[in-house]
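# Fold and geometry: a report
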Amino acid sequence: MTTHYEVRGSVALITLSNPPVNGLGHATRLSLTDNLQKANADAAVKSIVITGAGKAFSGGADIKEFGTPKALSEPNLHSVIRVVENSSKPVVAAIHSVCMGGGLELALACHYRIAAPGCSVALPEVKLGLLPGAGGTQRLPRALGVEPALNMIVSGEPVKSELLAQIPGQKLFDKLAQSPESLAEEALAFAQAIADARPLPLVRDLPCKHPNGDAYFQFSRNMVKGMSKNFPAPLKCVDAVEAATRKKFEDGLLFEREIFINLMWTPESRALRHVFMSERAASKIPDVPSDTPKRDIKSIAVIGAGTMGGGISMNFLNAGIPVKMLEMKQEALERGIATIRKNYEAQVKKGKLKLDKYEQRMSLLSTTLSYEDLKDADMVIEAVFEEMGVKEKVFKELDRVMKPGAILASNTSTLDLNQIANFTKRPQDVIGTHFFSPANIMKLLEVVRGEKTAKDVLATVMALGKKIKKTAVVSGVCDGFIGNRMIEQYGRQGGFLLDEGCTPEQVDKAIEKFGFAMGPFRMGDLAGNDIGWAIRKRRAIEQPGMKYSKTADLLCEKGRFGQKTGAGWYDYVAGKRDAIPNAEVVQMIEEHRKALGITPRKISDEEIVQRLVYSLVNEAAHILEEGIASKASDIDMVYIMGYGFPVYRGGPMLYADQVGLFNVLQSMKRFAQNPLDDAAFWKPAPLLAKLVAEGKTFN
Ligand code: 3HC
Ligand code: NAI
């Protein structure tokens, strides 16, 4: 049963019991209406309390049902709400922990609401590319006031119940319970006390006006428009709340419903829902069940206090986990600490971090020059130079000193993790934790599973990833793992585009218009063009036949490594990140083109975008087929969280699915005919060809 029914004295207590968050799926809606009718039919029942079991009152409509016939099956949420509002006996919502989306809309339909302190209250539909579709845009402004309600609806952000209860004149909560523990008893007592109250109050009957409606909604639209480029839902939220102030309640509901249905079919909403589910799916590993025991990680050691070591350490300090950093020299430790301090102080200055929190975090950080001091750490993360010889020395030392059962992780971005693991006598304890720079900011963490990595080590690191607020995605061992292996092909294609007639600026602008945070050339300048140069030199030995544009090598030969040298594909002014096109670089590309005997042609933005995105997609299909990624949605997460792929397009795999894999393949065949491109580059991955033949999609 997805709701539980019991009668306590004269009160019927209906408890939503649909773990994990009491989502209002079809079975729950059905069971809830049945029980409401049962309570109304029972003469011994004078009032009704609705609450939720476990960790939520309700997280809202069941997102997994969206797009399926169940979502529309009666009773839908509107019908449930009607049953609540029409109940002849008072219905009290007893709200705790999480009350979101359809859960809050259900509560708003109840005659009374009592909330526990500390409860997260939200209408987060906008984050799924929607607006509240069961009366939230019409009832919340009536219960809370137009401005606070619009803020909640447009941002989707949760607000604590005790803060909402302080809003002057609010009618959202009739009572704040003393504590979450006493909520049930207080709600039952409240329900008993108001059992005979008539008429029954309804939020829909409250007035909804704004004293300066025209000016306020105009102002809101201007604000929201600026902040929500590419996302249609936020502006629609403003429309719906404005309708609450201007239309009759029932008309407002219809207006909201129509917008909700239209938004549900937008590619943006589909993408955002995909991202929500994919983010959660990433932690599910096919052969590592969720009840796999985890090791206790109470302290961390970090080897190397450079760019990555410092950022990695901050993640754990932020989560309250002590960190000990090891370096070869005291000066390097001091430099590392100074950088961490500088980062935190900048946050304090901006008001993003309280001074006492900053001090508390720094007090968790200690340093050493001796491996012996690390022996008690539960996990160690190595972030030293990217050279196998250096890694070998470090891992042999770690194997010697670390206590049995400690997890030994490497932040390597290109080296063979299996080889690193085999430097130790405990390869089962070795794993890759590939953080992205800046490691304290970037959400993505690629967790690299070696061939001998133990399941409990993997489960522990995935859980730790969640604790430090990363999106952790598992990758198998291969050159570049998921993200960098794909970006290499994207970069190669960017080079072919230059050879054929584009400027770096044209390529960057086209893909940025598509929605990428940064085009390939601006990204190269940020990461350092010398990194790609080193990879190409290695490739020339390992895979001599692989075709590359020579332009990037020519750029590096001029010492234009990117932002760090003040010059790369673009010029940079010290202290600023603006990319300024450089005429000499354009001339260098033109001369190279001439030397190759190529007559430049005008390449459309559409072709640029297709060539860049499909180069990601084809490599991703290889990665999936080889089992380096276990599901397509993991690849989408890597690209959205780590590489600036537009979230409203759902990642390269969902995007390809939406374009249609058949169309993707046709375009690739066309590109392969271009003599200035590379036919071998566009050879379709067998998985892609197979999916097209079977009429299937990646996701
Ligand atoms: N429907 C179905 N499943 C849901 C869900 C929902 N609304 N909300 C969360 N879940 C599931 C997650 O998929 C996850 O499942 P898993 O264990 O199988 O991976 C599980 O609940 C736990 O989720 P989290 O890992 O996110 O757990 P947290 O404790 O960190 O957070 C939460 C809980 C705050 C409820 C968070 O999950 C959340 O923000 N959920 C989304 C809430 C939301 O967007 N609600 C609006 C839905 S749309 C709607 O109501 C339409 C209406 O207006 C008509
Ligand atoms: P870095 O050069 O900034 O820092 C490396 C630090 O390690 C230096 O402070 C150095 O003194 C120290 N070190 C070197 N050998 C050591 C040893 N034997 N014992 C103790 N300390 C030693 O390098 P960065 O950029 O921090 O990279 C570290 C690792 O992270 C590399 O494996 C790199 O491939 C990886 N990585 C780097 C990313 C980046 O964007 N910089 C992104 C993801 C991974």
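What you see is a predicted model, and the numbers here were worked out from it, not measured in a lab.

This part is about the packing of helix H27 (residues 652–659) against helix H28 (residues 661–672). Look at H27 against H28: their axes get within 5 Å of each other, and the N-to-C directions meet at 95°. What the angle tells us is that H27 and H28 run roughly perpendicular. Listed contacts from H28 to Ala 656, Asp 657 and Val 659 of H27 are Leu 661, Asn 663 and Val 664.

Before going further, it helps to spend a moment on the pairing of strand E6 (residues 112–115). Here E6 shows no split at all, with Tyr 112 and Ile 114 on one side and Arg 113 and Ala 115 on the other all buried. Pairing of strand E4 (residues 91–95) with E6 involves four bridges; the strand directions are parallel. Bridging across to E6, Val 92 finds its partner in Tyr 112. As paired strands, E6 and strand E9 (residues 175–176) are joined by two bridges and run parallel to one another. The residue of E9 that forms the bridge with Ala 115 is Leu 176.

Attention shifts here to H28. With twelve residues, H28 extends 16 Å between its outermost C-alpha atoms, agreeing within 8% with the 16 Å of an ideal straight helix rising 1.5 Å per residue. Listed as buried for H28 are Leu 661, Val 664, Leu 665, Ser 667, Met 668 and Phe 671. Each buried residue of H28 sits inside an arc of 160° when the element is viewed along its axis, so together they form one side. Those residues of H28 that are buried are in contact with helix H25 (605–625), H27 and helix H29 (686–694).

The domains assigned to the protein chain are domain 1 (3–264), domain 2 (300–475) and domain 3 (483–694). Taking only C-alpha atoms into account, the centre of domain 2 sits 30 Å from that of domain 3. Counting residues at the interface gives twelve residues for domain 2 and ten residues for domain 3. When the two sides are added together, the surface that domain 2 and domain 3 hide from each other amounts to roughly 860 Å², 63% of it contributed by carbon and sulfur. Taken together, the links from domain 2 to domain 3 amount to zero salt bridges. Linking domain 2 with domain 3 are one residue pair in polar contact (both at pLDDT 80 or more), by the criterion used here. For the side of domain 2 that touches domain 3, the elements supplying multiple residues, two or more each, are strand E16 (444–448) and strand E17 (471–475). For the side of domain 2 that touches domain 3, the element with the most residues is E17, which contributes four residues. Split into classes, the residues belonging to the side of domain 2 that touches domain 3 amount to five nonpolar, five polar and two charged.

Attention shifts here to helix H24 (residues 583–595). Here H24 spans 18 Å end to end across 13 residues, near enough to the 18 Å set by a 1.5 Å rise per residue. Its buried side turned inward, H24 meets helix H19 (481–500), helix H20 (504–514) and helix H23 (551–557). Looking at where H24 begins, the residue whose side-chain oxygen comes 2.8 Å from the main-chain nitrogen of Glu 584 is Asn 582. Backbone geometry just downstream of H24 places Gly 597 in the positive-phi region, at approximately 75°.

Near ligand 2 there are 21 residues, and of these Met 308, Glu 327, Glu 386, Lys 391 and Ser 413 occur at the shortest range. Contacts to ligand 2 include Glu 386, whose side-chain N or O atom sits 2.5 Å from an oxygen atom. Secondary-structure elements contributing two or more residues to the shell around ligand 2 are helix H13 (307–318), helix H16 (388–401) and strand E15 (430–435). If you tally residues by element for the shell around ligand 2, the top one is H16, at three residues. Grouping the constituent residues of the shell around ligand 2 by class yields ten nonpolar, eight polar and three charged.

A separate point is unusual backbone geometry. Residue Glu 74 is joined to Pro 75 through a cis peptide bond whose omega torsion reads -5°. Between Arg 198 and Pro 199 the backbone carries a cis peptide bond, its omega angle lying at -5°. Position of Pro 199 among the secondary structure elements: in the loop between helix H8 (183–193) and helix H9 (213–227). We note that Asn 230 has phi near 75°; this positive angle belongs to a residue other than glycine. Within the secondary structure, Asn 230 is located in the loop between H9 and helix H10 (233–246).

Near ligand 1 you find 24 residues, and of these Gly 102, Glu 105, Glu 125, Arg 280 and Lys 284 are the closest. One of the backbone N or O atoms of Gly 102 is found 2.8 Å from an oxygen atom in ligand 1. In this structure, an oxygen atom belonging to ligand 1 sits 3.4 Å away from a side-chain N or O atom of Lys 466. Protein coverage of the free-state accessible area of ligand 1, which is 980 Å², stands at 79%. Residue composition of the shell around ligand 1, grouped by class: eleven nonpolar, five polar and eight charged.

Moving on: the sheet that holds E17. Spatially, the eight strands line up as an open sheet ordered E12-E11-E10-E13-E14-E15-E16-E17, and their pairing is mixed. The sheet is open, and its two borders are formed by strand E12 (365–368) and E17, each paired with just one other strand. Across this sheet, the average inter-strand angle for adjacent strands is 25°, counted without regard to direction. Bridge analysis of E15 against E16 gives four bridges, and the strand direction is antiparallel. Each residue of the ladder has a partner; that of Gly 432, found in E16, is Val 448.

A few words on the side chain of Ser 410. In this structure, Ser 410 sits in strand E14 (residues 407–410). In this structure Ser 410 comes out as buried when scored by relative accessible area, which is 0%. A polar side-chain atom of Ser 410 sits 3.1 Å from the main-chain amide nitrogen of Thr 412.

Our next topic: the packing of aromatic side chains. The way to describe two aromatic rings as a pair is by their centre distance and the angle between their planes. All told, the structure shown has 16 aromatic pairs when counted by the stated rule. Plain terms: the ring middles of Phe 496 and Phe 681 are 6.0 Å apart, the flat faces sit at 75° to each other, and that makes the pair edge-to-face. Note that Phe 496 is positioned in helix H19 and Phe 681 in the loop between H28 and H29, a separation of 185 residues in sequence. Given a relative accessible area of 0%, Phe 496 falls into the buried group. Since its relative accessible area comes to 8%, Phe 681 is described here as buried. With 5.1 Å between their ring centres and 50° between their planes, Phe 671 and Trp 682 make a pair best called tilted. Within this pair, whereas Phe 671 is found in helix H28, its partner Trp 682 is found in the loop between H28 and H29, the two being separated by eleven residues in sequence. One exposure class covers both Phe 671 and Trp 682, and it is buried. Members of the aromatic cluster, connected to one another through ring pairs, are Tyr 490, Phe 514, Phe 516, Phe 645 and Tyr 655. Lying over the aromatic face of Phe 276, Arg 280 brings its terminal NZ or CZ to 3.7 Å of the ring centre. Above the face of the Phe 496 ring, Lys 547 is positioned so that its terminal group lies 5.2 Å from the ring centre.

The rules we used
Residues numbered from 1 in each chain as written. Chains lettered and ligands numbered in written order. Predicted model: local features only at pLDDT ≥ 70, side-chain atom pairs only at ≥ 80, totals over all residues. Heavy atoms only, no water. Axes fitted to C-alpha atoms, helices over the stretch in contact; angles between N-to-C directions. Helix = DSSP H or I, 4+ residues; strand = E, 2+ residues; numbered from the N terminus. Parallel < 35°, antiparallel > 145°, perpendicular 65-115°, else oblique. Contact = heavy atoms within 4.5 Å. Buried < 20%, exposed > 50% of the residue type's maximum accessible area, 1.4 Å probe, protein only. Pairing = 2+ DSSP bridges. Expected span 1.5 Å × (residues − 1). Arc of directions from axis to C-beta. Domains from an automatic or database assignment. Buried area = accessible area lost by both parts, 1.4 Å probe. Salt bridge = Lys/Arg side-chain N within 4 Å of Asp/Glu carboxyl O. Polar contact = N/O pair within 3.5 Å; in protein donor to acceptor, adjacent residues only side chain to side chain. Nonpolar A, V, L, I, M, F, W, Y, C, P; charged D, E, K, R; others polar. Near = heavy atom within 4 Å. Areas by Shrake-Rupley, 256 points an atom, 1.4 Å probe, with all protein chains shown as cover. Phe/Tyr/Trp six-rings, centres within 6.5 Å; stacked < 30°, edge-to-face > 60°. Lys NZ or Arg CZ within 6 Å of the ring centre and 35° of its normal.

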